[in-house]
Amino acid sequence: GMKNGAQKRGIRREEGEIDQMVPEGGGEQKHLLSGEDEIELECVGDPDTEPAYKKTGWRQRGTVITLCALTMFLFADQNIMAPNLTAIAHEFGFSDRERDAKLGGEISFAFFVMGGPVALLVGWLTDLVERKVLFVALLFLGLCPALATILVTEFWHLLVLRAVTGVSIGGAMPLVFSFLGDMFPARERAKTSALVSLSIGLGITLGQLVAGFAGPVYGWRMPFVIVSLPAVCLTAASWWIIVEPERGLSEEGLQQQFEEKAEFRYKERITPGKACGIFAVASNNLIFFQGIPGCLPWAVIMVFLNDYLTQDKGMSVQASTVVLTALNVGGCFGAYFGGVWGQMCYNWRRHSITLLMGATTLVGIAPVVWLVTLSDPLPPHWVICAVAFLGGWIGYITGPNVRAILLNVNAPETRGTAFAIYNLMDHLGTGLGPGILVLFMQGTGDDRTAAFVSAVVAGWVVCGATWLFTGLVMVRDEDRLQKRLESSEGPE
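If you're wondering where the values come from, they're calculated on a predicted model, not measured in any experiment.

**Student:** How should I be thinking about the side chain of arginine 221 in this particular structure?
**Tutor:** When you line up the elements, arginine 221 lands in the loop between α8 (189-218) and α9 (222-241). Side-chain polar atoms of arginine 221 contact the side chain of glutamate 91, separated by 2.4 Å. A polar atom in the side chain of arginine 221 sits 2.7 Å from the backbone oxygen of valine 152. Among residues more than four places away in sequence, those in contact with arginine 221 are Glu91, Thr149, Ile150 and Val152.

Okay, here's the thing in structure tokens:
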């Protein structure tokens, strides 16, 4: 496994001795996250010591919990229209075809694809300015349009409000992971990323549940208010809870400077040259490349599977919704345990995290293909739900680990931009996936089953192979970064 730089030098201090390394006059240790909330920097690479987050004070724990809670509320907004599409279409006087084209197509395009380029700008700003200010501003930008949905009377109102919320969701992720990258060392990032992935899954599930139960009773606008009101209150409170971490604090390559110079600050910031340098890192290019093929199977699952099980396999709407819910619940487990298992693999042999990702991506093809090719008569409903749960569990294992790798191969000042590019590729895959699927259907003579199987197999075989290739370059990219950081200079 990876050994910490300070550990190599044989430095091992107890908490009471931490002041001995600080020159007189520099005793307040401003480089730590906050006064009394100290992280024992020299021990972060030692598997026998407690992880860094357990050594942080309540404000750092509060920061992580608040970031996860706000992520959950923000993503509750992502699929909140899905259960009430027909009710919205009737209010605007749309036919069934217009419903799918406008509420399904145009709003999805505005939400995912228009949000992407603006999220790139947010990613750039993440690496330049104080992140807490940007994060709180971005949350208000996303939550106020959600609240304003109660006033919508025209379709274009809804289109504009959804596009603004899409910008907020796209921009928030680079910020959240930039925070976490500076709060946790590489030995803990996959586990921490798992908490964020779990928050995203819980948020999407929460939004759909609220919309499904409150929408038919109180009207389709009310779920937006129910989800965003508590989020607005928490966002206001978060200004006093969230702590801005010192950039570079958890990097192995910077530990010696932080330990030896009390006044050391990591001053590097994003520049156009460094932004281009993101594409010089092989791991980044492989991660960006798999975004579109990797999202194709999710287009089958999220956009078409519910309708397909109803129309083509003869299930009731309720029965197919239960199948999708089982898949989402499995996904929540997969997102969390995937990060935990990924961290165990990484701490054992760094490259083995990509073996876990590649293997589970390829194995995940089987349950989804089984769901798409159900025979008539259908198996018992509980069997279908169990396979869907398993498919969700396996399919979501990769997510938290991709984000941990991105943190580990990018410098503190380029992470926001790297995550924005990753989000853009994922959003392109999510936004273009249904369109690519339609091309598959035309190629198979409108045979939905053949098109879905082709898309799932092609998408995840490419994706799984990409993860196995990533294992060949990831360790080299990490080591290059840490060597560069070791040579970086703080202010004299």
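**Student:** Would you mind going over the packing of aromatic side chains with me for this structure?
**Tutor:** How two aromatic rings sit relative to each other is given by the distance of their centres and the angle of their planes. One pass over the structure, following the stated rule, counts 19 aromatic pairs. With a centroid separation of 5.5 Å and an interplanar angle of 75°, the aromatic rings of phenylalanine 94 and phenylalanine 155 are classed as edge-to-face. Highlighted residues: phenylalanine 94 in the loop between α4 (85-92) and α5 (96-126) and phenylalanine 155 in helix α7 (residues 155-183), separated in sequence by 61 residues. For phenylalanine 94, a relative accessible area of 14% corresponds to the buried category.

**Student:** I'm lost on helix α13 (residues 291-311) in this one. Help?
**Tutor:** Two residues of an α-helix separated by three or four positions point the same way, owing to the 3.6 residues in each turn. Taking 1.5 Å as the rise per residue, α13 with 21 residues should run 30 Å; its terminal C-alpha atoms sit 29 Å apart, in good agreement. Approximately 65° is the largest bend angle found in α13, and it occurs at phenylalanine 304. Within α13, 15 of the 21 residues are buried, leaving the element largely enclosed by the surrounding structure.

**Student:** So what exactly am I meant to see when it comes to the pattern of salt bridges here?
**Tutor:** Opposite charge on two side chains makes pairing possible when the charged atoms of those side chains draw close. Under the defined criterion, the tally for this structure stands at 10 salt bridges. For the salt bridge of aspartate 182 with arginine 131, the shortest nitrogen-to-oxygen distance reads 2.8 Å. One end of the pair, aspartate 182, is in helix α7; the other, arginine 131, is in helix α6 (residues 131-148), with 51 residues separating them in the sequence. Overall, arginine 131 belongs to the buried group, its relative accessible area being 0%. Ionic pairing is found between aspartate 479 and arginine 350, a salt bridge with its closest N-O pair at 3.0 Å. Remark: arginine 350 occurs in the loop between α14 (317-348) and α15 (352-363) and aspartate 479 occurs in helix α20 (residues 448-486); sequence separation between them is 129 residues. On the accessibility criterion, aspartate 479 (30% relative accessible area) is partly exposed. Among the charged side chains, a network of salt bridges with common partners joins Arg131, Asp182, Glu244 and Arg415.

What counts as what
Residues numbered from 1 in each chain as written. Predicted model: local features only at pLDDT ≥ 70, side-chain atom pairs only at ≥ 80, totals over all residues. Heavy atoms only, no water. Helix = DSSP H or I, 4+ residues; strand = E, 2+ residues; numbered from the N terminus. Polar contact = N/O pair within 3.5 Å; in protein donor to acceptor, adjacent residues only side chain to side chain. Contact = heavy atoms within 4.5 Å. Phe/Tyr/Trp six-rings, centres within 6.5 Å; stacked < 30°, edge-to-face > 60°. Buried < 20%, exposed > 50% of the residue type's maximum accessible area, 1.4 Å probe, protein only. Expected span 1.5 Å × (residues − 1). Bend = angle between axes of the 7 residues up to and from the residue. Salt bridge = Lys/Arg side-chain N within 4 Å of Asp/Glu carboxyl O.

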